[in-house]
Amino acid sequence: MNETIQLFGIHISRLTMRETVDRVLGWCAEPRAAGCRYIVTPNVDHAVMLQHRSDLRKAYSDAALVLADGAPLVVASRWLGKPLPERVAGSDLVPQLFAAGRTLRVYLLGAAPGVASIAADRIQEKWGHVEVVGTYSPPLGFEDDFAENERILAAVAAAGPDLLIVGFGAPKQELWVHRYYCRLETKVAVCAGATIDFLADHRRRSPVWMRHAGLEWLHRLASEPGRLAGRYARDAREFPPLLWHEWRMQTREGH
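Figured I'd write up the structure that's included with this text. From a predicted model like this one, the values you see are computed outputs, not experimental measurements. (Residues numbered from 1 in each chain as written. Predicted model: local features only at pLDDT ≥ 70, side-chain atom pairs only at ≥ 80, totals over all residues. Heavy atoms only, no water.)

Our focus in this paragraph is the packing of aromatic side chains. Counting across every chain of the model gives 9 aromatic pairs. Here the aromatic rings of F168 and W176 are separated by 5.6 Å at their centres, their planes lie at 85°, and the arrangement is edge-to-face. Exposure remark for F168: the relative accessible area of 16% places this residue in the buried category. Assessed through its relative accessible area of 2%, W176 is described here as buried. An aromatic cluster of three or more residues is present, and its members are F142, F168, W176 and Y180. (Phe/Tyr/Trp six-rings, centres within 6.5 Å; stacked < 30°, edge-to-face > 60°. Buried < 20%, exposed > 50% of the residue type's maximum accessible area, 1.4 Å probe, protein only.)

Structure representation (C-alpha coordinates):
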(Lines give C-alpha, C1' and ligand atoms only; values in the text may rest on other atoms or scores of the structure.)
Protein backbone atom coordinates (compact mmCIF):
# COMPACT_ATOMS: atom_id res chain seq x y z
CA MET A 1 0.00 0.00 0.00
CA ASN A 2 1.27 3.48 -0.83
CA GLU A 3 2.08 5.51 2.27
CA THR A 4 0.36 8.61 0.86
CA ILE A 5 -2.66 9.43 -1.28
CA GLN A 6 -3.10 12.51 -3.43
CA LEU A 7 -6.25 14.44 -2.61
CA PHE A 8 -7.05 18.04 -3.61
CA GLY A 9 -3.42 18.49 -4.62
CA ILE A 10 -2.14 17.31 -1.21
CA HIS A 11 -0.11 14.17 -0.56
CA ILE A 12 -1.76 12.96 2.66
CA SER A 13 -0.07 10.33 4.84
CA ARG A 14 -1.98 7.09 5.05
CA LEU A 15 -1.20 6.41 8.70
CA THR A 16 -3.29 5.52 11.72
CA MET A 17 -2.93 7.46 14.96
CA ARG A 18 -0.92 4.60 16.48
CA GLU A 19 1.45 4.49 13.50
CA THR A 20 1.83 8.27 13.60
CA VAL A 21 2.67 8.28 17.31
CA ASP A 22 5.28 5.55 16.78
CA ARG A 23 6.78 7.43 13.82
CA VAL A 24 7.03 10.76 15.63
CA LEU A 25 8.41 9.27 18.85
CA GLY A 26 10.99 7.42 16.76
CA TRP A 27 12.10 10.72 15.25
CA CYS A 28 12.21 12.31 18.71
CA ALA A 29 14.53 9.52 19.89
CA GLU A 30 17.04 10.12 17.09
CA PRO A 31 20.00 12.50 17.39
CA ARG A 32 19.16 16.07 16.43
CA ALA A 33 20.06 16.82 12.81
CA ALA A 34 20.33 20.05 10.87
CA GLY A 35 16.84 21.49 10.71
CA CYS A 36 13.78 19.57 11.82
CA ARG A 37 10.99 17.44 10.50
CA TYR A 38 7.61 19.15 10.63
CA ILE A 39 4.02 17.96 10.55
CA VAL A 40 0.95 19.65 9.07
CA THR A 41 -2.67 18.62 9.65
CA PRO A 42 -5.04 19.71 6.86
CA ASN A 43 -8.78 20.11 7.20
CA VAL A 44 -11.36 21.38 4.68
CA ASP A 45 -10.29 24.98 5.21
CA HIS A 46 -6.67 24.10 4.39
CA ALA A 47 -7.76 22.18 1.29
CA VAL A 48 -9.62 25.26 0.04
CA MET A 49 -6.73 27.63 0.85
CA LEU A 50 -4.24 25.38 -0.91
CA GLN A 51 -6.03 25.90 -4.23
CA HIS A 52 -5.16 29.61 -4.13
CA ARG A 53 -1.81 29.82 -2.31
CA SER A 54 1.44 28.59 -3.82
CA ASP A 55 3.35 29.44 -0.62
CA LEU A 56 1.12 27.13 1.41
CA ARG A 57 1.43 24.37 -1.21
CA LYS A 58 5.22 24.62 -0.91
CA ALA A 59 4.99 24.39 2.88
CA TYR A 60 2.91 21.26 2.53
CA SER A 61 5.23 19.68 -0.03
CA ASP A 62 8.23 19.94 2.31
CA ALA A 63 6.43 18.56 5.39
CA ALA A 64 7.61 15.24 6.82
CA LEU A 65 4.00 14.17 7.49
CA VAL A 66 0.66 15.49 6.21
CA LEU A 67 -2.14 14.14 8.40
CA ALA A 68 -5.88 14.42 7.75
CA ASP A 69 -7.25 16.52 10.60
CA GLY A 70 -10.68 17.06 9.07
CA ALA A 71 -13.26 14.25 9.08
CA PRO A 72 -14.64 15.41 5.68
CA LEU A 73 -11.23 14.67 4.13
CA VAL A 74 -11.38 11.10 5.43
CA VAL A 75 -14.96 10.70 4.12
CA ALA A 76 -13.94 12.18 0.75
CA SER A 77 -10.97 9.81 0.50
CA ARG A 78 -13.27 6.82 0.97
CA TRP A 79 -15.84 8.12 -1.50
CA LEU A 80 -13.09 8.57 -4.07
CA GLY A 81 -11.81 5.03 -3.57
CA LYS A 82 -8.46 5.85 -1.93
CA PRO A 83 -9.36 5.57 1.73
CA LEU A 84 -7.46 7.06 4.61
CA PRO A 85 -7.58 4.73 7.64
CA GLU A 86 -8.76 7.37 10.13
CA ARG A 87 -8.67 10.99 11.14
CA VAL A 88 -5.40 12.03 12.81
CA ALA A 89 -6.11 15.46 14.30
CA GLY A 90 -3.25 17.53 15.69
CA SER A 91 -5.22 18.22 18.87
CA ASP A 92 -5.48 14.44 19.42
CA LEU A 93 -1.96 13.61 18.28
CA VAL A 94 -0.16 15.84 20.78
CA PRO A 95 -1.82 14.32 23.90
CA GLN A 96 -1.29 10.85 22.43
CA LEU A 97 2.44 11.59 22.12
CA PHE A 98 2.52 12.69 25.75
CA ALA A 99 0.51 9.66 26.90
CA ALA A 100 2.88 7.16 25.27
CA GLY A 101 5.10 7.16 28.36
CA ARG A 102 8.33 8.27 26.68
CA THR A 103 10.53 10.99 28.13
CA LEU A 104 10.09 14.09 25.99
CA ARG A 105 11.43 17.62 26.06
CA VAL A 106 8.69 19.91 24.72
CA TYR A 107 8.49 23.60 23.81
CA LEU A 108 5.11 25.35 23.48
CA LEU A 109 5.16 28.22 20.97
CA GLY A 110 1.99 30.24 20.45
CA ALA A 111 -1.45 30.91 21.98
CA ALA A 112 -2.33 34.09 23.89
CA PRO A 113 0.01 35.45 26.58
CA GLY A 114 0.00 33.22 29.66
CA VAL A 115 -1.93 30.36 28.06
CA ALA A 116 1.14 28.26 27.19
CA SER A 117 2.39 28.55 30.77
CA ILE A 118 -0.93 27.18 32.05
CA ALA A 119 -0.74 24.40 29.44
CA ALA A 120 2.80 23.58 30.62
CA ASP A 121 1.60 23.21 34.21
CA ARG A 122 -1.28 20.95 33.12
CA ILE A 123 1.04 18.82 30.99
CA GLN A 124 3.51 18.26 33.80
CA GLU A 125 0.71 17.47 36.28
CA LYS A 126 -0.79 14.85 33.95
CA TRP A 127 2.31 13.47 32.23
CA GLY A 128 5.22 13.77 34.65
CA HIS A 129 7.69 12.23 32.19
CA VAL A 130 7.10 15.14 29.75
CA GLU A 131 9.35 18.11 30.47
CA VAL A 132 8.15 21.45 29.12
CA VAL A 133 11.46 23.23 28.54
CA GLY A 134 10.03 26.54 27.35
CA THR A 135 6.95 28.52 26.37
CA TYR A 136 6.52 31.72 24.39
CA SER A 137 3.65 33.78 22.97
CA PRO A 138 4.95 35.99 20.15
CA PRO A 139 3.42 39.47 19.75
CA LEU A 140 1.03 40.32 16.93
CA GLY A 141 2.85 40.82 13.64
CA PHE A 142 5.94 38.94 14.82
CA GLU A 143 6.20 37.03 11.54
CA ASP A 144 7.28 40.24 9.77
CA ASP A 145 9.76 41.28 12.48
CA PHE A 146 13.28 39.99 11.73
CA ALA A 147 14.61 40.61 15.25
CA GLU A 148 11.61 38.90 16.88
CA ASN A 149 11.96 35.84 14.69
CA GLU A 150 15.64 35.64 15.55
CA ARG A 151 14.74 35.81 19.25
CA ILE A 152 12.28 32.93 18.83
CA LEU A 153 14.84 30.78 17.02
CA ALA A 154 17.45 31.52 19.69
CA ALA A 155 15.00 30.70 22.52
CA VAL A 156 14.10 27.35 20.95
CA ALA A 157 17.77 26.55 20.36
CA ALA A 158 18.66 27.39 23.97
CA ALA A 159 15.88 25.13 25.29
CA GLY A 160 16.83 22.19 23.06
CA PRO A 161 13.41 20.48 22.78
CA ASP A 162 12.71 17.18 21.11
CA LEU A 163 9.22 18.34 20.14
CA LEU A 164 8.05 21.87 19.27
CA ILE A 165 4.29 22.51 19.38
CA VAL A 166 3.42 25.53 17.21
CA GLY A 167 0.02 27.13 17.74
CA PHE A 168 -0.25 30.23 15.54
CA GLY A 169 -3.32 29.12 13.58
CA ALA A 170 -3.43 28.33 9.87
CA PRO A 171 -1.88 29.27 7.55
CA LYS A 172 0.52 31.38 9.66
CA GLN A 173 1.96 28.40 11.55
CA GLU A 174 2.61 26.33 8.42
CA LEU A 175 4.21 29.24 6.57
CA TRP A 176 6.35 30.23 9.57
CA VAL A 177 7.59 26.70 10.25
CA HIS A 178 8.35 26.17 6.57
CA ARG A 179 10.28 29.44 6.47
CA TYR A 180 12.48 28.45 9.42
CA TYR A 181 12.47 24.65 9.64
CA CYS A 182 16.05 24.41 8.41
CA ARG A 183 17.09 26.57 11.39
CA LEU A 184 14.74 25.28 14.09
CA GLU A 185 16.82 23.34 16.63
CA THR A 186 14.22 20.75 17.51
CA LYS A 187 13.78 17.23 16.21
CA VAL A 188 10.10 17.54 15.30
CA ALA A 189 7.70 20.48 14.98
CA VAL A 190 3.92 20.00 14.93
CA CYS A 191 1.69 22.71 13.45
CA ALA A 192 -1.04 22.18 16.00
CA GLY A 193 -3.57 25.03 15.77
CA ALA A 194 -5.54 25.47 19.00
CA THR A 195 -3.91 22.50 20.77
CA ILE A 196 -2.09 24.68 23.33
CA ASP A 197 -5.42 26.35 24.16
CA PHE A 198 -7.06 22.95 24.60
CA LEU A 199 -4.24 21.70 26.84
CA ALA A 200 -4.66 24.79 29.04
CA ASP A 201 -8.48 24.47 29.05
CA HIS A 202 -8.51 27.98 27.60
CA ARG A 203 -10.84 26.65 24.91
CA ARG A 204 -13.11 23.63 25.19
CA ARG A 205 -13.03 20.89 22.59
CA SER A 206 -16.22 19.32 21.37
CA PRO A 207 -17.53 16.22 23.18
CA VAL A 208 -15.96 12.96 22.05
CA TRP A 209 -19.18 11.79 20.39
CA MET A 210 -19.17 14.90 18.17
CA ARG A 211 -15.57 14.24 17.15
CA HIS A 212 -16.40 10.62 16.27
CA ALA A 213 -19.44 11.78 14.29
CA GLY A 214 -17.38 14.31 12.33
CA LEU A 215 -19.21 17.24 13.93
CA GLU A 216 -16.36 18.99 15.72
CA TRP A 217 -16.66 21.85 13.21
CA LEU A 218 -20.23 22.48 14.42
CA HIS A 219 -19.09 22.80 18.03
CA ARG A 220 -16.32 25.20 17.01
CA LEU A 221 -18.75 27.30 14.97
CA ALA A 222 -21.16 27.52 17.90
CA SER A 223 -18.29 28.46 20.22
CA GLU A 224 -16.73 31.14 17.98
CA PRO A 225 -19.35 32.26 15.42
CA GLY A 226 -17.83 35.71 14.89
CA ARG A 227 -14.42 34.32 13.98
CA LEU A 228 -15.46 31.21 12.08
CA ALA A 229 -18.79 31.94 10.32
CA GLY A 230 -17.17 33.62 7.31
CA ARG A 231 -14.54 30.93 6.93
CA TYR A 232 -17.09 28.12 7.13
CA ALA A 233 -19.37 29.87 4.65
CA ARG A 234 -16.49 30.13 2.18
CA ASP A 235 -15.54 26.49 2.70
CA ALA A 236 -19.17 25.37 2.23
CA ARG A 237 -19.22 27.26 -1.05
CA GLU A 238 -15.85 26.14 -2.41
CA PHE A 239 -15.35 22.59 -1.09
CA PRO A 240 -18.20 20.80 -2.96
CA PRO A 241 -16.95 21.99 -6.39
CA LEU A 242 -13.45 20.95 -5.35
CA LEU A 243 -14.71 17.49 -4.45
CA TRP A 244 -16.62 17.29 -7.76
CA HIS A 245 -13.50 18.29 -9.69
CA GLU A 246 -11.46 15.63 -7.88
CA TRP A 247 -14.05 12.98 -8.79
CA ARG A 248 -14.11 14.09 -12.45
CA MET A 249 -10.30 14.01 -12.66
CA GLN A 250 -10.23 10.53 -11.15
CA THR A 251 -12.95 9.33 -13.53
CA ARG A 252 -10.98 10.60 -16.53
CA GLU A 253 -7.80 8.92 -15.29
CA GLY A 254 -9.75 5.69 -14.82
CA HIS A 255 -10.69 5.73 -18.49
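Moving on, we come to the nonpolar core. By size, the foremost hydrophobic cluster in this structure holds 44 residues, and its most contacted members are F8, I12, Y38, L164, W176, V177 and L184. Sort the elements by how many residues they give to this core and helix 2 (residues 44–50) lands first, with 5 residues. Apart from the residues within four sequence positions on either side, V177 is in contact with Y38, V166, L184, A189 and C191. (Core = buried A, V, L, I, M, F, W, Y, C linked by side-chain atoms within 4.5 Å. Helix = DSSP H or I, 4+ residues; strand = E, 2+ residues; numbered from the N terminus. Contact = heavy atoms within 4.5 Å.)

Viewed as axis vectors pointing N to C, helix 7 (residues 146–159) and helix 8 (residues 172–180) meet at an angle of 75°, and their least axial separation amounts to 12 Å. On the basis of the axis angle, helix 7 is roughly perpendicular to helix 8. Facing helix 7, whose interface residues are N149, I152 and L153, helix 8 presents W176, R179 and Y180. Of the residues in the contact of helix 7 with helix 8, the class split is 4 nonpolar, 1 polar and 1 charged. (Axes fitted to C-alpha atoms, helices over the stretch in contact; angles between N-to-C directions. Parallel < 35°, antiparallel > 145°, perpendicular 65-115°, else oblique. Nonpolar A, V, L, I, M, F, W, Y, C, P; charged D, E, K, R; others polar.)

The strand order 4-3-8-7-5-6 describes an open sheet built from 6 strands, whose pairing is parallel. The open sheet has two edge strands, strand 4 (65–66) and strand 6 (130–136), and neither has a second partner. Pairing between strand 7 (residues 163–167) and strand 8 (residues 188–191): 4 bridges, direction parallel. Looking at the pairing, L164 lines up with A189 of strand 8. Together, strand 3 (37–40), strand 5 (104–110), strand 7 and strand 8 form the strand contacts of helix 8, whose direction differs from that of strand 8 by roughly 160°. (Pairing = 2+ DSSP bridges.)

According to the stated counting rule, one finds 13 salt bridges in the structure shown. Two residues, D69 and R87, come together in a salt bridge whose shortest N-O distance is 3.4 Å. Here D69, found in the loop between strand 4 and helix 4 (71–79), pairs with R87, found in the loop between helix 4 and helix 5 (90–99); they are 18 residues apart in sequence, far enough to count as distant. In this structure D69 comes out as buried when scored by relative accessible area, which is 14%. With a shortest N-O distance of 3.4 Å, R105 and E131 are connected by a salt bridge. With R105 in strand 5 and E131 in strand 6, this pair connects stretches of sequence that are 26 residues apart. (Salt bridge = Lys/Arg side-chain N within 4 Å of Asp/Glu carboxyl O.)

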